[in-house]
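A look at the structure
The lines below spell out each chain.
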Amino acid sequence: MHRLIVAAGFALVFALPLAAQEARLPADSMEIGQKYTKWFLAYEADSLWSHMTPEMQERNGGVDHLVDMMDQVALQVGTEMEVLEERYVTRNGKPQFWHTGRFSEMPEPIQIRWVIEPDGRISGAGINPASQAPAVDPE
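Now for a look at the structure at hand. (Residues numbered from 1 in each chain as written. Predicted model: local features only at pLDDT ≥ 70, side-chain atom pairs only at ≥ 80, totals over all residues. Heavy atoms only, no water.)

Re the pattern of salt bridges
The cut-off we apply is this: The working definition used for a salt bridge is a side-chain nitrogen of Lys or Arg within 4 Å of a carboxyl oxygen of Asp or Glu. In DSSP terms, a helix is any run of H or I states spanning at least four residues, a strand is any run of E spanning at least two, and both are numbered starting from the N terminus.
The tally for this structure, following the rule as stated, stands at three salt bridges. The salt bridge involving Arg-102 is made with Glu-82; its shortest N-O contact spans 3.6 Å. You can see Arg-102 sitting in strand β2 (residues 94–103) and its partner Glu-82 sitting in strand β1 (residues 80–91), a full 20 residues away along the chain. With a closest N to O distance of 2.9 Å, Glu-117 and Lys-94 form a salt bridge.

Brief notes about helix α5 (residues 63–77)
The cut-off we apply is this: Helix span is expected to be 1.5 Å times the residue number reduced by one. For each residue, the accessible area found with a 1.4 Å probe, counting protein chains only, is set against the maximum for its type, and the residue is called buried under 20%, exposed over 50%, and partly exposed in between. It is the directions from the helix axis to the C-beta atoms that the arc portrays. Contacts were defined at the residue level, with two residues in contact if any of their heavy atoms lie within 4.5 Å.
Compared with the 21 Å implied by 1.5 Å per residue over 15 residues, the 21 Å span of α5 between its first and last C-alpha is a close match. For α5, the complete set of buried residues consists of Leu-66, Met-69, Met-70, Val-73 and Val-77. One side of α5 carries all its buried residues, which in axial view fall inside an arc of 100°. Across α5 from its buried face, at more than 90 degrees, point the exposed residues Asp-64 and Leu-75. Looking at the buried side of α5, the elements it contacts are α2 (29–41), α3 (45–50), α4 (54–60), β2, β3 (110–116) and β4 (122–129). Looking one or two residues beyond α5, the residue adopting positive phi is Gly-78, at roughly 85°.

Considering the nonpolar core
As a reminder of what qualifies: Only buried residues count toward a nonpolar core, which is a set of Ala, Val, Leu, Ile, Met, Phe, Trp, Tyr and Cys residues joined through side-chain atoms within 4.5 Å.
Ranked by size, the top nonpolar core spans 26 residues in total, and within it Tyr-36, Phe-40, Leu-48, Leu-66, Trp-114, Ile-116 and Ile-122 carry the most contacts. Put simply, the parts of the chain that give this core at least two residues each are α2, α3, α5, β2, β3 and β4. When residues in this core are grouped by element, the largest group, five residues, is from α5. Those residues in contact with Ile-116 that lie beyond four places of it in its chain are Leu-25, Pro-26, Ile-32, Tyr-36, Tyr-88, Pro-95, Phe-97 and Arg-121.

Printed below as a string of structure tokens:
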């Protein structure tokens, strides 16, 4: 069985009913979530770091630590072969961008999640097999 292990510092702090969520997201929220996922998969740690809230930066211990996490994820899941779904959900009262893709080293799809604040900054993130997606808030 494959198991995704992500460094503890990559905080999983995540999601509002849809109307409230839309009011709290920037107008280009889909593009923002896609951009953060692209940066993560392309090792653009400096770009990601500059878009994290100060609290998220503090929890993650520096750009070098973020690069280490990117390395761990890449070694475990491989290269993304196909994007299966991208959407926003609400979890724990905050909007989250969920990117689900098929990766070369995993038998099942992997989900990359970003908590996006109203100003477009990242305040939380997570990665897991899609079958282990966390529960979302009821609509």
